[in-house]
2 protein chains.
Amino acid sequence: MPLRLDAGSPTFERDFAGLLAMKREVSEDVDNAVKAIIEDVVARGDAALIDYTRRFDRLELDAARLRVTEAEVDRAGAACSAETLSALRVARARIEAYHARQKPSDDRYVDALGVELGHRWTAVEAAGLYVPGGTASYPSSVLMNAVPAQVAGVPRIVMVVPSPDGALNPLVLAAAKIAGVTEIYRVGGAQAVAALAYGTATIAPVAKIVGPGNAYVAAAKRRVFGQVGIDMIAGPSEVVVVADRHANPDWIAADLLAQAEHDAAAQSILITDSPELADAVAEAVERRLSTLPRAAIAGASWRDYGAVILAKDLQAAVPLVDRLAPEHLEIECEDAEGLAARIRNAGAIFLGSHTPEAIGDYVGGPNHVLPTARSARFSSGLGVLDFMKRTSILKCAPESLRELGPSAIALGRAEGLEAHARSVAVRLNLG
Amino acid sequence: MPLRLDAGSPTFERDFAGLLAMKREVSEDVDNAVKAIIEDVVARGDAALIDYTRRFDRLELDAARLRVTEAEVDRAGAACSAETLSALRVARARIEAYHARQKPSDDRYVDALGVELGHRWTAVEAAGLYVPGGTASYPSSVLMNAVPAQVAGVPRIVMVVPSPDGALNPLVLAAAKIAGVTEIYRVGGAQAVAALAYGTATIAPVAKIVGPGNAYVAAAKRRVFGQVGIDMIAGPSEVVVVADRHANPDWIAADLLAQAEHDAAAQSILITDSPELADAVAEAVERRLSTLPRAAIAGASWRDYGAVILAKDLQAAVPLVDRLAPEHLEIECEDAEGLAARIRNAGAIFLGSHTPEAIGDYVGGPNHVLPTARSARFSSGLGVLDFMKRTSILKCAPESLRELGPSAIALGRAEGLEAHARSVAVRLNLG
């Protein structure tokens, strides 16, 4: 049975704090192994990639076969069902349309002193996209990671994906083509991350690495951060559903289970002011579980990390949601908009009863790469800005330097940085 | 003597790669010490802060004295010169005006299928600002870190600053007041970072930590990342000046030294197509060094990490600049604008001969917290967006769900996530 918390209970604050502090991930300590792999790739390049691929993926490669050919990609596409390819194209178009609106504007202006100011956005020169192998290899994630990079204008979008025993998911290759990936390499693990960050003879280095992966991949991303940019380290997925007595308990149960089927460490939470809804949802979850293919995973997630929280009223749910800072937040109640406007911390909000979170996973348009583990308190879902960076621009004329100079000189001297002061003063004939 | 590289030389590519690979920082391995300090602060809260402050800052505190009082801040302000305070106010106003234009817009629209989409930006609930003690305690950095947070709308801006032997820099306190910092605590080091991330009885936790610090502070920020957001880990400062024969060699020398005086590990590089300018700048640097208060530091930086690069022409400088990805880029040549437009990687660009980089350090308006160590390839200077996060919004009506649903169901099934598919199908009476 999942946790049941009642805001009226004297132990509620303690219980809720316990829910917040719940650790859903065992962090494997693979850092030493990863450090050695990275150093080896830096030292030996392609030869190291080939060795690790033999060892971890049981696949014999040579440098010429690291790259997946266009012909292979086309064959993969031909092996996919027309219905799925069409759905991927729908998804791509919608993700592209949504993200195109995120493209930032440059700014340039002259202020009252005549100083020219502004900023300019540029795309990173190359982005690397890690795609896991095996069961966690999702074509939708290929779209969600690659399309924003393409919208940003990144000229090289490089995908790495392990092919255990030589197998590659055809849908992942098809999605890569649909998403505009420009190069694909059949390597995975920490060695692939190292190759993207430092480059080898075959794989030119990138400036930014995104995409999910196992503990080795996560540790490698942490290690190469600084050499390249990285996205967030994603944790297990989570959803909070806020609902009132008008909501459909069976639909909510379906949404809680969609989240739970991802991973036994996923978390699904219902917050409601209706004890009747709480009971009905809990019952519907059990009923639906019995026919789910991934019932073992979803059931474990719901039992170990699920929670039903009874709040005094829905306004009282707002601070609870902000403390949970969920990756996904569904609001299924009267005045869902009004409630959403009061929430500070959530990765993505799904409004109303006809917006199941799964729509957002695939074809809504917004990104499904979202901050987990309460990091929505300080971070955002993946977007176009993650593949761009801003350069500030400043230009003084002699007159505006004369206006600003004395303040800069004063501050330079107050900070004991005389050479700073002099670099201004010399231009004003002040010394 | 600094490095001198000539693009016409057969060894140029190797020499330039060597310059790029130059390590300017010895990374101290303090991670185990920092781990223990963080765990202690999590376990013992204020008591741990008090113990570490006694040990590292030689200062006896109790919990009530951790916080710097308003009266202390006011006394500090009264001890500062009117000229410096006025310069700080000029700086604050200009930083605020520049950053106000960075405030992002929310977006909300309805697409052709009737799907409502958008995103909403919210400020983080609280930001922590680390300010170093002693000589690296710069009031300008207080403004540069706190003003963007205030512009973002962050309600709590919490500053921590060590006070070795009880001493606090009055200018830093005055700057904090001018910048709108809401709380100040006299703690520093990894213990202060831990307190900001996890909270103690006296210091409520924040969601984001920014600001420079020593190796312990940097290691602590890396460790608490995930629990809170952090800004970049700043390395030694650097400038690249691109100039032609029309530029003033004495002014350029002054700018190279302003960068060099920060730190013996700072780096100043001149790229020019004029051998005469290269010689004149090198001479002017030596002449100026002889009268600088921080000549030892600036001289060491110039000797060990400085470089003069002769390029065939200024267009040939563009790819060199992009590979260096400098924190600061000054362009002092004809058609500086045209050249700037071709640069992809730079933290901040200073255009023309009357824009010394030091103006940008203090009163230009743009932020002086900028990506170092080639990270301008993938990251931006500090700004308002660093204190905000974006929540995506999605709302389907029954009709638009009917349009989108089949694609989502197809992709859910293609990915083996049947509960995803069913959460959509159940709303469409499809099962």
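Residue positions are counted from 1 within each chain, in the order its sequence is given. Naming scheme: in the order in which they are written, chains are lettered from A and ligands are numbered from 1. Restriction of local features to residues with pLDDT of at least 70 applies here, the model being predicted, together with a cutoff of 80 or more for giving and counting side-chain atom pairs; totals for whole chains, interfaces and linings are based on all residues. As a rule here, side-chain values come from all non-hydrogen atoms in the structure, and water together with hydrogens is ignored.

Visitor: Looking at this structure, I do not really get the pattern of salt bridges. What am I missing?
Guide: Charged atoms that come close allow side chains of opposite charge to pair. Residue and element names in this part refer to chain A. By salt bridge we mean one thing: a side-chain nitrogen of Lys or Arg within 4 Å of a carboxyl oxygen of Asp or Glu. All told, the structure shown has 54 salt bridges over all chains when counted by the stated rule. The residue R223 makes a salt bridge to D31 at a minimum N-O spacing of 2.9 Å. Within this pair, whereas R223 is found in helix 9 (residues 215-224), its partner D31 is found in helix 2 (residues 31-44), the two being separated by 192 residues in sequence. Only protein chains enter the area calculation, which uses a 1.4 Å probe; residues under 20% of their type maximum are buried, those over 50% are exposed, and those in between are partly exposed. On the basis of relative accessible area, R223 is assigned to the partly exposed category, the value being 37%. Of the charged contacts in the structure, one is a salt bridge between K177 and D74, with a shortest N-O distance of 2.6 Å. Of the two residues, K177 sits in helix 7 (residues 170-179) while D74 sits in helix 4 (residues 70-78), which places them 103 residues apart along the sequence. Looking at D74, the relative accessible area reads 37%, which means it is partly exposed. Overlapping salt bridges bring together D40, R44, D51, R54 and E60 as one network. Segments assigned H or I by DSSP are reported as helices when at least four residues long, segments assigned E as strands when at least two residues long, and all are numbered from the N terminus.

Visitor: Whenever I open this one, the environment of V321 of chain A confuses me. Can you help?
Guide: Residue and element names in this part refer to chain A. Considering the arrangement of structural elements, one finds V321 in helix 13 (residues 317-324). Owing to a relative accessible area of 1%, V321 belongs among the buried residues under this scheme. Measuring from C-alpha to C-alpha, the distance between V321 and S423 comes to 52 Å, with 102 residues separating the pair along the chain.

Visitor: So what exactly am I meant to see when it comes to helix 9 of chain A here?
Guide: At 3.6 residues per turn, the α-helix brings residues three or four places apart onto the same side. All names here are of chain A. Within the sequence span of helix 9, burial applies to V217, A218, A219, A220, K221 and V224. Contacts were defined at the residue level, with two residues in contact if any of their heavy atoms lie within 4.5 Å. Its buried side turned inward, helix 9 meets helix 2, strand 4 (126-130), helix 8 (189-198), strand 7 (208-210) and strand 8 (229-230). Whenever a nitrogen or oxygen atom comes within 3.5 Å of another N or O atom, the pair is scored as a polar contact, on the condition that within protein one atom can donate a hydrogen and the other can accept it, and that pairs from neighbouring residues in sequence are kept only if both atoms are in side chains. At the N-terminal end of helix 9, a side-chain oxygen is found 3.0 Å from the backbone nitrogen of Y216, two or three residues along, and the residue is N214. Positive phi appears at G226, one or two residues downstream of helix 9, with a value of about 115 degrees.

Visitor: Help me understand the domain arrangement of chain A in this model?
Guide: It is common to give the size of an interface as the accessible area lost on bringing the parts into contact. With domains assigned, chain A is organised as domain 1 (31-105 + 120-230), domain 2 (235-377) and domain 3 (396-428). One C-alpha centre belongs to domain 1 of chain A, the other to domain 3 of chain A, and the line joining them spans 48 Å. An automatic or database domain assignment is the source of the domain bounds shown.

Visitor: Just to check I follow, could you spell out helix 12 (residues 275-289) of chain B for this structure?
Guide: Residues and elements named next belong to chain B. One less than the number of residues in a helix, times 1.5 Å, gives the span that helix is expected to have. A rise of 1.5 Å per residue sets the reference length of helix 12, with its 15 residues, at 21 Å; its end C-alpha atoms lie 21 Å apart and thus fit the reference within 8%. Every buried residue belonging to helix 12 is among L277, A278, V281, A282, A284, V285, R288 and L289, and all of these are buried. The arc enclosing the buried residues of helix 12, seen along the axis, measures out at 165 degrees, which places them on a common side. Facing away from the buried side of helix 12 by over 90 degrees, the exposed positions are E276, E283 and R287. Think of it as the arc spanned by the lines of direction from the helix axis to the C-beta atoms.

Visitor: What is the right way to read the sheet that holds strand 12 (residues 328-332) of chain A from this model?
Guide: Hydrogen bonds along the backbone pair up the strands of a sheet, which may run parallel or antiparallel. Paired strands are those between which DSSP finds at least two bridges. Pairing within the open sheet is mixed, and its nine strands lie in the order 1(A)-11(A)-10(A)-9(A)-12(A)-13(A)-14(B)-3(B)-2(B). Taken across any chain shown, the strands that pair with only one partner, and hence form the sheet edges, are strand 1 (3-6) of chain A together with strand 2 (107-110) of chain B. On average, adjacent strands in this sheet sit at an angle of 15 degrees to one another, irrespective of strand direction. Bridge count between strand 9 (residues 238-243) of chain A and strand 10 (residues 267-272) of chain A: six bridges; the pairing is parallel. Following the sheet pairing, V239 of chain A is matched in strand 10 of chain A by S268 of chain A. Here an axis means a line fitted to C-alpha atoms, over the contact stretch when the element is a helix, while the angle between two N-to-C directions is reported on a 0 to 180 degree scale.

Visitor: Can you help me understand the relation of the copies chain A and chain B in this one?
Guide: Both copies of the chain are related by one operation, a rotation about an axis with a shift along it. Copies are brought into register by a least-squares superposition over C-alpha atoms of residues with pLDDT of at least 70 in both. Superposing chain A onto chain B takes a rotation of 180 degrees combined with a translation of 0.0 Å along the rotation axis, leaving an RMSD of 0.0 Å. Such a combination of turn and shift is consistent with a two-fold rotation axis. Here 100% of the interface residues in chain A have copies in chain B that are interface residues too; the copies meet face to matching face.

Visitor: Hey, could you run me through the environment of L256 of chain B in this one?
Guide: All names here are of chain B. Within the secondary structure layout, L256 lies in helix 11 (residues 249-260). Residues L256 and G416, 160 residues apart in the sequence, show an inter-C-alpha distance of 59 Å. Beyond its immediate sequence surroundings of up to four residues, L256 is in contact with V239, V241, S268, I269, L270, V281, V285 and W302.

Visitor: What exactly am I supposed to notice about the sheet that holds strand 9 (residues 238-243) of chain B here?
Guide: Strand order in the open sheet formed by nine strands is 2(A)-3(A)-14(A)-13(B)-12(B)-9(B)-10(B)-11(B)-1(B), with mixed pairing between adjacent strands. Only two strands of the sheet have a single neighbouring strand rather than two, namely strand 2 (107-110) of chain A together with strand 1 (3-6) of chain B. Direction aside, neighbouring strands of the sheet carry axes that sit 15 degrees apart on average. As paired strands, strand 9 of chain B and strand 12 (residues 328-332) of chain B are joined by five bridges and run parallel to one another. Each residue of the ladder has a partner; that of A243 of chain B, found in strand 12 of chain B, is E332 of chain B. Packing against the sheet, helix 12 of chain B makes contact with strand 1, strand 9, strand 10 (267-272) and strand 11 (307-310) of chain B, and its axis sits at approximately 155 degrees to strand 10 of chain B.

Visitor: Whenever I open this one, the layout of surface pockets confuses me. Can you help?
Guide: Rolled over the atoms, a probe sized like a water molecule indicates the empty space that remains. By volume, the second largest pocket amounts to about 440 Å³. What lines the second largest pocket is a set of 21 residues, and nearest its centre among them are Q102, P104 and S105 of chain A together with P104 and S105 of chain B. Every element with two or more residues in the lining of the second largest pocket is listed here: strand 3 (116-123) of chain A together with strand 3 (116-123) of chain B. Residue polarity is assigned by list, with Asp, Glu, Lys and Arg as charged and Ala, Val, Leu, Ile, Met, Phe, Trp, Tyr, Cys and Pro as nonpolar; anything else, Gly included, falls into the polar class. Looking at the lining of the second largest pocket residue by residue, the classes come out as six nonpolar, six polar and nine charged. Every definition here rests on a 1 Å grid over the protein atoms only: cavities are sets of points where a 1.4 Å probe fits but cannot get out, pockets are open sets enclosed by protein on both sides within 12 Å along at least five of seven lines, and lining residues have some atom within 4 Å of a point. Grid points are joined across faces, edges and corners, and a volume is the space filled by probe spheres set on the points.

Visitor: Sorry, what's going on with the UniProt feature "binding site: NAD(+)" (unreviewed entry) in chain A here?
Guide: All names here are of chain A. Under the present numbering, the feature "binding site: NAD(+)" (unreviewed entry) in UniProt falls on Y130, Q191 and N214. In sequence the annotated residues extend across 85 residues, while in space they remain close, none of their C-alpha pairs exceeding 12.7 Å. By the secondary structure assignment, Y130 is in strand 4. Aside from chain neighbours lying at most four places away, what touches Y130 is V160, P162, G188, G189, A192, V193, V210, G211, P212, G213 and V217. Separated by 2.7 Å, the side chain of Y130 and the backbone nitrogen of G189 make a polar contact. With respect to the helices and strands, the residue N214 is situated in the loop between strand 7 and helix 9. Separated by 3.0 Å, the side chain of N214 and the backbone nitrogen of Y216 make a polar contact. UniProt positions are given in the numbering used here, feature names are shortened, and annotations may be inferred rather than shown by experiment.

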